[in-house]
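# Overview (structure and organization)
One letter stands for each residue in the lines below.
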Amino acid sequence: MSLTTAGKTPGPVRFYLACDHRGCDARTTFDLVIPDPGPSRDDDLWGYLLHHAHTATPHIKELGWAYINGDGYWCPDCCAPAHHHPRSLPGPTSHT
């Protein structure tokens, strides 16, 4: 998986995204202010781990990136029909 973050919620979080399509080295970075602290680690470990990704999913889609189940994130160029037609982004609980 190529989505990583720096920062803590609530507050600004920097997202680093790299294309997982074989041979592609596309990368992007973006910042989001996430006002919701999300669940605590003790209350919901998976929710705690996935909170950033869940919040960023709409922005990632707006940037033209797609999550390909089993392959990871693909950049807009790799999502183009000339490469493959990716499946749409699944719900937020299926990626990190």
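As shown above, the structure is provided for reference.
None of the values given here were measured: they were computed from a predicted structure.

What counts, and at which threshold
- Residues numbered from 1 in each chain as written.
- Predicted model: local features only at pLDDT ≥ 70, side-chain atom pairs only at ≥ 80, totals over all residues.
- Heavy atoms only, no water.
- Helix = DSSP H or I, 4+ residues; strand = E, 2+ residues; numbered from the N terminus.
- Buried < 20%, exposed > 50% of the residue type's maximum accessible area, 1.4 Å probe, protein only.
- Contact = heavy atoms within 4.5 Å.
- Areas by Shrake-Rupley, 256 points an atom, 1.4 Å probe, with all protein chains shown as cover.
- Patch = residues over 30% accessible without salt bridge, like charges linked within 9 Å, V, L, I, M, F, W, Y side chains within 5 Å.
- Salt bridge = Lys/Arg side-chain N within 4 Å of Asp/Glu carboxyl O.
- Pairing = 2+ DSSP bridges.
- Axes fitted to C-alpha atoms, helices over the stretch in contact; angles between N-to-C directions.

## Focus: the overall build of the chain
Per the secondary structure count, the chain includes two helices and five strands. For the chain, the residues scored as buried account for 35% of the 96 residues in total. Across the chain, the fraction of contacts at a sequence separation of at least 24, relative to all contacts at a separation of at least 6, is 44%. When the accessible area of the chain is evaluated, it comes to approximately 5,900 Å², of which 53% is carbon and sulfur surface.

## So, unusual backbone geometry
Across the junction of Thr9 and Pro10, the peptide omega takes the value -5°, indicating a cis bond. The topology assignment puts Pro10 in the loop between β1 (3–6) and β2 (11–18).

## With respect to a nonpolar patch on the surface
Taken together, the side chains of Leu45, Trp46, Tyr48 and Leu49 make up a nonpolar region of the molecular surface, amounting to roughly 420 Å² of accessible area. Of note, Leu49 is situated in helix α1 (residues 45–62). A relative accessible area of 43% places Leu49 in the partly exposed class.

## A word on the sheet that holds strand β3 (residues 27–34)
Strand pairing in a sheet relies on backbone hydrogen bonds. The paired strands run either parallel or antiparallel. Read across the open sheet, the three strands follow the order β1-β2-β3; overall the sheet is antiparallel. What marks the edges here is a single partner per strand, and that holds for β1 and β3. When strand polarity is set aside, the average angle formed by the axes of neighbouring strands in this sheet is 25°. Across eight bridges, the pairing between β2 and β3 is antiparallel.

## Brief notes about the pairing of β1
As paired strands, β1 and β2 are joined by four bridges and run antiparallel to one another. When the bridges of β2 are listed, Ala6 appears paired with Arg14. Here β1 folds back onto β2 in antiparallel fashion, the turn holding four residues, of which Gly7 has a positive phi close to 125°.

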